[in-house]
Each structure stands twice: as C-alpha cells, then as structure tokens.
Amino acid sequence: MDLVGSFLMSAMTLLVALLCVFLVLPPLLLYKFLASVFRHFSSENMNGKVVLITGASSGIGEQMAYEYAKKGASLVVVARRRNLLQQVAAKAQELGSPDVLVACADVSNADDCKEFVAKAIHHFGRLDHLVNNAGITSICKIRDVTDATNFTPMMDINFWGSVYPTYFAIPHLKKSKGKVVINSSVTAFLNPPRMSFYCASKAALMSFYEALRNELGPTVTITIATLGFVESEMTQGKHLSKHGVIEVNAKLREVIRGSFPIMSTGVCAKAIVEGACRGEKNVTEPAWCKVLFLLKVLCPELIEWYYRKSYFTKSISTYGSSTSTSWLAI
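Computed from a prediction, not measured in an experiment: that's the story for all the values here.

> How do you make sense of the pairing of strand S6 (residues 221-227) when you look at a structure like this?
Successive residues of a regular strand alternate their side chains across the two faces of the sheet. Most of S6 sits inside the fold, with six of its seven residues counted as buried. Of the strand pairs in this sheet, strand S5 (residues 179-185) and S6 are connected by seven bridges, and their pairing is parallel. In the strand pairing of S6, Ser184 is matched with Thr226. With four bridges connecting them, S6 and strand S9 (residues 282-285) associate as parallel partners. Paired with Ile224 across the bridge in S9 is Asn282.

> What is the right way to read the pattern of salt bridges from this model?
It is possible for side chains bearing opposite charge to pair when their charged atoms get close. This structure, assessed with the given rule, holds eight salt bridges. Here Glu44 makes a salt bridge to Lys49, at a shortest N to O gap of 2.8 Å. Here the two residues Glu44 and Lys49 agree in accessibility, since each one is buried. For the salt bridge of Glu67 with Lys70, the shortest nitrogen-to-oxygen distance reads 3.5 Å. Residue Glu67 and its partner Lys70 are both found in helix H2 (residues 59-70); the two are separated by three residues, about one turn of the helix. A residue is classified by how much of its surface remains accessible, and Glu67, at 10% relative accessible area, is buried. Its relative accessible area of 52% is what places Lys70 among the exposed residues. One salt-bridge network, held together by shared partners, links Glu44, Lys49 and Lys179.

> Help me out: how do you make sense of the sheet that holds strand S4 (residues 129-132) in this one?
Sheets are built from strands paired through backbone hydrogen bonds, the pairs being either parallel or antiparallel. Taken together, the seven strands give an open sheet; going across it, the order is S3-S2-S1-S4-S5-S6-S9, and neighbouring strands pair in parallel fashion. Two strands lie at the open edges of the sheet, namely strand S3 (100-104) and S9, each paired on one side alone. When the angles between neighbouring strand axes are averaged without regard to direction, this sheet yields 15°. Taken strand by strand, helix H5 (residues 152-176) contacts S4 and S5, and its axis lies near 175° from that of S4.

> Explanation requested: the side chain of Asn132 in the structure shown.
With respect to the element layout, Asn132 can be found in strand S4. Asn132 gets classed as buried once you look at its relative accessible area, which sits at 1%. Filtering out sequence-adjacent residues up to four positions away, Asn132 remains in contact with Thr54, Gly161, Ser162, Pro165, Thr166, Val180, Val181, Ile182, Asn183 and Tyr209.

> Would you mind showing me how to read the environment of Arg213 here?
Among the structural elements, Arg213 can be located in helix H7 (residues 196-216). Here Arg213 falls in the buried class, since its relative accessible area comes to 12%. For the pair Arg213 and Thr223, spaced 10 residues apart in the sequence, the C-alpha separation amounts to 9.0 Å. Contact partners of Arg213, with chain neighbours within four places excluded, come to Ile222, Thr223, Ile224, Lys281 and Asn282. Of note is the side chain of Arg213, whose polar atom sits 2.9 Å from the backbone oxygen of Ile222.

> I tried to follow unusual backbone geometry on my own but got confused; where do I start?
Comment: phi is negative for the bulk of residues other than glycine, and the bulk of peptide bonds are trans. The linkage connecting Gly217 with the following residue, Pro218, adopts the cis geometry, with an omega of 0°. Considering the arrangement of structural elements, one finds Pro218 in the loop between H7 and S6. In the segment running from Glu285 into Pro286, the intervening peptide bond is cis, with an omega of -10°. Summarising the element assignment, Pro286 is placed in the loop between S9 and helix H10 (289-298). Residues other than glycine seldom take positive phi values, yet Lys177 does so here, at roughly 50°.

> For this particular structure, what's the right way to read the packing of aromatic side chains?
Scanning all chains against the criterion turns up seven aromatic pairs. Taking the centre distance of 4.9 Å and the plane angle of 55° together, the rings of Phe189 and Phe293 count as tilted. One end of the pair, Phe189, is in helix H6 (residues 187-190); the other, Phe293, is in helix H10, and 104 residues separate them in sequence. Since its relative accessible area comes to 38%, Phe189 is described here as partly exposed. When the ring of Phe208 is compared with that of Tyr209, the centres are 5.0 Å apart and the planes differ by 80°; the resulting orientation is edge-to-face. On the basis of relative accessibility, which here comes to 29%, the residue Phe208 falls in the partly exposed class. By relative accessible area, Tyr209 is classed as buried at 0%. The rings of Phe159, Trp160, Tyr164, Phe208 and Tyr209 are connected pair by pair, giving a single aromatic cluster.

Basis of the calculations
Residues numbered from 1 in each chain as written. Predicted model: local features only at pLDDT ≥ 70, side-chain atom pairs only at ≥ 80, totals over all residues. Heavy atoms only, no water. Buried < 20%, exposed > 50% of the residue type's maximum accessible area, 1.4 Å probe, protein only. Helix = DSSP H or I, 4+ residues; strand = E, 2+ residues; numbered from the N terminus. Pairing = 2+ DSSP bridges. Salt bridge = Lys/Arg side-chain N within 4 Å of Asp/Glu carboxyl O. Axes fitted to C-alpha atoms, helices over the stretch in contact; angles between N-to-C directions. Contact = heavy atoms within 4.5 Å. Polar contact = N/O pair within 3.5 Å; in protein donor to acceptor, adjacent residues only side chain to side chain. Phe/Tyr/Trp six-rings, centres within 6.5 Å; stacked < 30°, edge-to-face > 60°.

Remember that the coordinates give geometry; whether it matters functionally is a separate question.
Given below as structure tokens:
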C-alpha cells in the first residue's frame with residue numbers, strides 16, 4: 001500500500017507540474033512580456049519630485065544622485081562625509097537638480113535616520129523616491145575572526161541602515177505613491193567563500209524587502225537592484241577587516257580588479273534609476289550576472305566546484321591569511 005500511495009502521490013505531483021507548465025506558464029509569460037514592453041516606453045517624470053539617497057558621497061550613490069539630477073529631481077543626499085556630500089550637491093545642481101539638501105548622518109543610527117527623513121519633509125514637503133544605497137563589505141575567513149561581534153557594523157549598515165530610513169519614510173511615500181530602491185548584491189544568491197557576514201546581511205536585506213513589497217504594494221513600489229561586479233569603493237579595496245575596522249587594502253584592490261570585468265559606476269547607476277522610474281521590480285547589473293543565477297539553480301554543484309577550486313588554488317596574502325582572487329567585487 002505504501003508503494004501504491006507513493007506512486008499516486010508522484011503521479012499527482014507530476015500532473016500538477018505539467019498543468020502549471022502548459023496552462024499557467026504561457027499566459028503568465030505573455031503578461032510579463034507585455035508588461036515589460038509597456039514599462040519600457042513609460043517612465044516616471046521626476047520633475048518636481050524629491051529623492052533621498054543614502055551613501056551618496058561616492059560610488060553608485062553619488063552617480064545615482066547625478067542621474068536623478070539630470071531628470072530634474074530635487075535631492076536629499078545622505079552620508080557621513082560632509083565635504084564630499086557638498087561636492088556632490090554642487091555637481092547635481094549643475095546637472096539640473098533644482099535644489100539639493102545635504103544631510104550628514106550615520107544610517108546605522110535610528111535617530112539619525114529619523115532626523116534626515118524629517119529634514120527632507122520639512123524642507124521639501126514631500127518624498128517620492130527613497131534610495132537605500134549605503135553599505136560596506138568584508139572579505140575574510142571565518143576561522144580568522146577572533147571576535148564575531150566585530151561584524152555587528154556589517155548588519156547595522158547593510159540591513160538596519162536600509163530598514164531604518166524606510167520605516168520613517170513609509171508614511172510619506174504612501175502619500176506620494178512613491179518608490180523604495182534597494183541596492184543589494186548577487187552574493188545573496190551565490191554565497192562565495194570568505195564573505196559569510198556580507199552574504200548574510202544582503203540576504204536579510206532582500207528577504208525583508210520582498211516581504212515588504214507584498215505588504216505595501218501597489219501603493220509603494222519597491223525596486224531591488226542586484227549588483228555584481230561594479231566599480232565602487234569596495235572594488236578599490238575598502239572593506240571591514242577581521243578586526244572590525246574599515247580599511248583600504250591595496251593588494252585586495254589589485255586582486256578584485258584583475259578577477260572579472262568591472263562595470264562602470266555611472267552606467268550601473270543609470271540602469272538602476274531608469275529601472276526604478278519604469279517601475280521595475282528587479283534590476284540586475286551587469287546583466288550577464290543573470291547567467292550566474294541560472295547556474296546556481298540548475299547546476300549548484302558547478303558553482304561549489306568552482307569555489308573549492310578557487311578557494312584552494314588562487315590566493316594572496318592579506319593580513320597574514322589568504323584571500324580568494326575570485327568573487328571579491330560583488
């Protein structure tokens with residue numbers, strides 16, 4: 001009887017799967033295709049709109065500020081380095097932004113986040129796009145970590161540094177039927193060696209916003225940008241060391257830049273902003289990283305084999321321990 005029951009269960013499962021493939025999948029794919037075509041030819045007019053960007057003093061955040069400025073949006077640029085923010089603000093105004101508010105703040109501090117959102121509303125009276133871009137990376141072996149609490153800043157900045165601003169901005173985004181843009185990483189799917197803490201922070205970020213999308217939609221839409229090899233301070237060797245200190249490592253920079261072709265920050269930022277203005281749910285840059293997702297689903301063993309091969313055969317000495325030459329720029 002157990003054998004018969006198992007056979008019937010397998011047959012029913014196969015039947016349901018076939019029905020889904022042949023009855024549900026074709027119209028769903030057609031709908032998604034038509035929706036993507038419609039979005040391609042329709043983009044939000046940003047004139048008179050207000051965009052708040054965290055981590056805007058350099059890298060992708062800085063370039064996204066310029067892209068929004070070209071579209072005529074007013075900006076609130078947030079980071080910890082005021083001198084760099086002021087330079088970004090000046091250039092953004094030259095590119096077309098009618099007004100730029102500079103907010104020097106730490107996104108891992110909830111009070112700071114509450115304050116800069118309040119300043120944005122007080123100054124502009126509205127908020128249309130919230131771009132959560134601030135983040136840090138870390139590359140080290142878990143066995144080299146002497147104190148796991150050294151990596152608390154990783155979750156504070158990468159996860160809570162996006163959640164806090166979103167929490168305080170939601171009431172205002174609901175009024176404007178606005179958007180939240182999240183800059184995440186392909187490491188959340190691929191889980192490369194020596195990036196355990198970073199992968200965990202990005203995976204938590206994506207799960208949170210996937211759930212929030214279901215909670216807020218369609219009033220507030222969410223665009224998740226999944227980024228791979230893109231030029232930034234991270235690819236310049238800036239990372240959270242095993243000692244819990246932000247450092248720039250020249251050797252690490254050389255390794256990262258020599259591993260894979262790296263997409264320019266400006267091109268990446270333009271793709272994200274265009275995708276957000278079209279209302280895309282997901283943006284993946286560089287686009288070829290989508291192939292890696294497919295490999296992860298269909299051939300996880302191949303990805304694991306590559307990690308093992310790279311982990312043991314390609315390394316350099318960094319802080320007295322080896323660092324993989326692959327998967328560092330993600």
